[in-house]
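Coordinate analysis (summary)
Here are the chains, one letter per residue:
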Amino acid sequence: MKLSKRLQVVASFIPDNSSLLDVGCDHALLDIYLMKTKQNIKIIASDINPNPLKIAKDNLIKYNLQNQITLKKMDGIKEIPKSVDTIVVAGMGGILITNILQKEKLTNIKNIILAPNNDFPLVRKHLNKLGYKIIKEQLVIDNQKTYLVLKYVRGKEKINYYFGTLSNKNLETIYYYTNILNTNLHNLKKIPSKYIIKRTKIKIENKRITNFFKQK
Ligand SMILES: C[S@@+](CC[C@H](N)C(=O)[O-])C[C@H]1O[C@@H](n2cnc3c(N)ncnc32)[C@H](O)[C@@H]1O
């Protein structure tokens, strides 16, 4: 079974010996891959919608894993079992991810692996406030789109929410932020000077990125 480059990175961030809840499993391909590659892993694959769960069920049967992976209809982590210690939420917008991850349901959660599609700073800020720190993060370029994958454990840290722990020398990071810079420069040429607030926000972002690249 071939996983997308993005989901391969997500899988590489999930530890052996974990009791995992995959929130928004959709096709459950990540869970099938994990069950075949990780040591001593327990998996609940969940989704809020019946159609993805039907596809997931067919895939589990196809790979003969219907007795090893539990499928559950669930909204986010509202009914998360106490036995779960690791959560993965991948392929959703940052706002939805922050709405799903609410403090009172996270008591037993040691590891959180996230792959937001957008709003990366918002996600970093939310997890920081929940009392988790980044131990790994990686930008992934897949089909000319850039995705972020993060791994959190419990802990406190002071971080820059815009860049997180990304290195200014990493190829993917250079590619991602250079694209933002170029898009912003292109937009600045088109936005009339009367839109002062919009133009100022773009200029601030560009300054932030150029400063980041100048760091040693
Ligand atoms: C784009 S798919 C991502 C699938 C997979 N996780 C991946 O990264 O490729 C998003 C899935 O999240 C599910 N979803 C959206 N909101 C949800 C929620 N509140 N709780 C659980 N699943 C949700 C959708 O039904 C959909 O199947």
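As a reminder, the structure under discussion sits directly above these lines.
On a predicted model such as this, the values are computed, not experimentally measured, just so you know.

Considerations on the site of the ligand
Arg 6, Gly 24, Asp 47, Asn 49 and Gly 76 are the nearest of the 18 residues found near the ligand. Residue Arg 6 places a side-chain N or O atom 2.7 Å away from an oxygen atom belonging to the ligand. The contact in question runs from a nitrogen atom of the ligand to an N or O atom on the backbone of Gly 24, over 2.8 Å. When isolated, the ligand has an accessible area of 610 Å², and the protein chains bury 82% of it. Elements that contribute at least two residues to the shell around the ligand include exactly helix 1 (5-12), strand 4 (86-92) and helix 4 (94-100). Here the shell around the ligand takes three residues from strand 4, the largest share from any one element. Residue composition of the shell around the ligand, by class: nine nonpolar, five polar and four charged.

A word on the side chain of Asp 142
As for its position among the elements, Asp 142 is in strand 6 (residues 132-142). At 5.5 Å, Arg 6 is the nearest oppositely charged side chain to Asp 142, a buried residue that forms no salt bridge.

Structural notes on the nonpolar core
Counting 37 residues, the largest nonpolar core has Leu 101 and Leu 114 as the members making the most contacts within it. Discounting chain neighbours no more than four positions away, the residues touching Leu 114 are Val 89, Ile 97, Leu 101, Val 123, Leu 127, Leu 148, Val 149, Leu 150 and Tyr 152.

Reading the values: rules and limits
- Residues numbered from 1 in each chain as written.
- Predicted model: local features only at pLDDT ≥ 70, side-chain atom pairs only at ≥ 80, totals over all residues.
- Heavy atoms only, no water.
- Near = heavy atom within 4 Å.
- Polar contact = N/O pair within 3.5 Å; in protein donor to acceptor, adjacent residues only side chain to side chain.
- Areas by Shrake-Rupley, 256 points an atom, 1.4 Å probe, with all protein chains shown as cover.
- Helix = DSSP H or I, 4+ residues; strand = E, 2+ residues; numbered from the N terminus.
- Nonpolar A, V, L, I, M, F, W, Y, C, P; charged D, E, K, R; others polar.
- Buried < 20%, exposed > 50% of the residue type's maximum accessible area, 1.4 Å probe, protein only.
- Lys, Arg positive; Asp, Glu negative; His and termini not counted.
- Salt bridge = Lys/Arg side-chain N within 4 Å of Asp/Glu carboxyl O.
- Core = buried A, V, L, I, M, F, W, Y, C linked by side-chain atoms within 4.5 Å.
- Contact = heavy atoms within 4.5 Å.

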